[in-house]
Amino acid sequence: QVQLVESGGGLVQAGGSLRLSCAVSGRTFGSYVMGWFRQAPGKEREFVAAINRIGDSTYYADSVKGRFTISRDNAKNTLYLQMNSLKPEDTTVYYCAAGAFYSDSDYYYYRPDKYDYWGQGTQVTVSS
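Source: prediction; values computed, not measured.

Caption draft 1: Quick look at the sheet that holds strand β8 (residues 78–83). Taken in spatial order, the four strands of this open sheet run β1-β3-β8-β7, and their pairing is antiparallel. The open sheet has two edge strands with one neighbour each: β1 (3–7) and β7 (68–73). On average, adjacent strands in this sheet sit at an angle of 15 degrees to one another, irrespective of strand direction. By the bridge criterion, five bridges tie β1 to strand β3 (residues 18–25) in an arrangement that is antiparallel. By the bridge assignment for β3, Glu6 is matched with Cys22.

Right under this line is the structure:
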């Protein structure tokens, strides 16, 4: 059984920062590709960022590139998302996900349907 628990969400002013964490248990953390997604009401789940198993390759949505940084600490079984220069449009629920997939290209990293396990989500609210 793989369990993912997000934390670190909250209320922040526009231009501010938050760091989200995702604690993973139940399997070897380093066995999984990890990703962050977000989903606003009435919208599809949106890719935010992903990181490979070792942590030497990262992937970002254009909307967050240059503002967000994904990282992982395999020794602590924890995934992070450092969010800087936050905007009101970043307001939504953020989910971490773990995937067992392998791919020859980076395409699968962006697709929520390729991930196998999901956290419960954490709310991020950015005020203007």
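Read on, since the account is not over.
Caption draft 2: Broad picture of the environment of Glu46. For Glu46, the position within the fold is in strand β5 (residues 46–51). Distance in space between the C-alpha atoms of Glu46 and Pro88 is 16 Å, their sequence separation being 42 residues. If we ignore the near neighbours within four places in the chain, the residues touching Glu46 are Trp36, Phe37, Arg38 and Ser63.

Caption draft 3: A look at the side chain of Arg53. Along the chain, Arg53 turns up in the loop between β5 and β6 (58–60). Within the buried core, Arg53 has no salt-bridge partner, and the shortest N-O distance to an opposite charge, that of Asp116, equals 7.2 Å. A distance of 3.5 Å separates the side chain of Arg53 from the side chain of Tyr102, its partner in a polar contact. If we skip the residues at most four places from it in the chain, Arg53 touches Gly30, Ser31, Tyr32, Val33, Arg72, Asn74, Gly99, Ala100, Phe101 and Tyr102.

Caption draft 4: Up close: the nonpolar core. With 37 residues, the main nonpolar core has Met34, Trp36, Leu79, Leu81 and Met83 as its most contacted residues. At the level of secondary structure, the elements contributing two or more residues to this core comprise β3, β4 (33–39), β5, β6, β7, β8, β9 (92–99) and β11 (122–127). When neighbours within four sequence positions are excluded, Met83 is seen to be in contact with Gly16, Ser17, Leu18, Leu20, Arg67, Phe68, Tyr94 and Val124.

Quick notes on the rules
- Residues numbered from 1 in each chain as written.
- Predicted model: local features only at pLDDT ≥ 70, side-chain atom pairs only at ≥ 80, totals over all residues.
- Heavy atoms only, no water.
- Pairing = 2+ DSSP bridges.
- Helix = DSSP H or I, 4+ residues; strand = E, 2+ residues; numbered from the N terminus.
- Axes fitted to C-alpha atoms, helices over the stretch in contact; angles between N-to-C directions.
- Contact = heavy atoms within 4.5 Å.
- Buried < 20%, exposed > 50% of the residue type's maximum accessible area, 1.4 Å probe, protein only.
- Lys, Arg positive; Asp, Glu negative; His and termini not counted.
- Salt bridge = Lys/Arg side-chain N within 4 Å of Asp/Glu carboxyl O.
- Polar contact = N/O pair within 3.5 Å; in protein donor to acceptor, adjacent residues only side chain to side chain.
- Core = buried A, V, L, I, M, F, W, Y, C linked by side-chain atoms within 4.5 Å.

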